[in-house]
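A look at the structure
Spelled out from the first residue to the last, the chains are:
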Amino acid sequence: MNGNAELLNFVYQNSQMGVATLNQLIEIVEDGEFKNHLKSQYKEYQEIHRAAEAMLNEKGFDEKGIGTLEKIRTYLMISYETLTDKSPSHMAEMLVIGSTMGVINAVKKIKSYQGAEPHIIELMERLLRFEENNVQELKAYL
């Protein structure tokens, strides 16, 4: 697989995880303000995911989504973590950890794939800025 495909698939998988995680949390959260915040994040993850998918298809690359085991593991982890604590603070903490991991991985990918096509790097940078912004916004709920 070439660098363009690898970078796009990273964006695709990262945004897919964001969509799946937020979809699950939106169903659990009871606080209306926090739910609206999660819906806003969900929408942006969807847009980034669709953009990555469109670029992959346009270039003729295969989409390498998140594997079934990873989806199940994440679903179970969220279910377990929210079993006894459904507070916005706890959920925000979980999301801050996830977005921080996303920031770290995005920075590494950008450095590793500097030769990728500019519009692909721009999408990766959009995801990076979004993840960084998520961390800042979620601090209000901690």
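Rules used in this analysis
- Residues numbered from 1 in each chain as written.
- Predicted model: local features only at pLDDT ≥ 70, side-chain atom pairs only at ≥ 80, totals over all residues.
- Heavy atoms only, no water.
- Patch = residues over 30% accessible without salt bridge, like charges linked within 9 Å, V, L, I, M, F, W, Y side chains within 5 Å.
- Areas by Shrake-Rupley, 256 points an atom, 1.4 Å probe, with all protein chains shown as cover.
- Salt bridge = Lys/Arg side-chain N within 4 Å of Asp/Glu carboxyl O.
- Helix = DSSP H or I, 4+ residues; strand = E, 2+ residues; numbered from the N terminus.
- Buried < 20%, exposed > 50% of the residue type's maximum accessible area, 1.4 Å probe, protein only.
- Phe/Tyr/Trp six-rings, centres within 6.5 Å; stacked < 30°, edge-to-face > 60°.

Per an unreviewed UniProt entry, the recorded name for the protein chain is DUF2383 domain-containing protein, and the organism is Desulfitobacterium hafniense DP7.

1. Regarding a nonpolar patch on the surface
Side chains of Leu-69, Ile-72, Tyr-75 and Leu-76 sit close together on the surface and give an oily, nonpolar patch of about 460 Å² of accessible area. Of note, Tyr-75 is situated in helix H3 (residues 68–81). With a relative accessible area of 49%, Tyr-75 lands in the partly exposed category.

2. Topic: the packing of aromatic side chains
In the structure shown here, the tally under the stated rule is 2 aromatic pairs. Between Tyr-45 and Phe-130, the aromatic rings sit 4.8 Å apart at their centres with planes inclined by 85°, giving edge-to-face as the arrangement. Residue Tyr-45 is located in helix H2 (residues 32–59), and its partner Phe-130 is located in helix H5 (residues 118–138); the two are separated by 85 residues in the primary sequence. Here the two residues Tyr-45 and Phe-130 agree in accessibility, since each one is buried.

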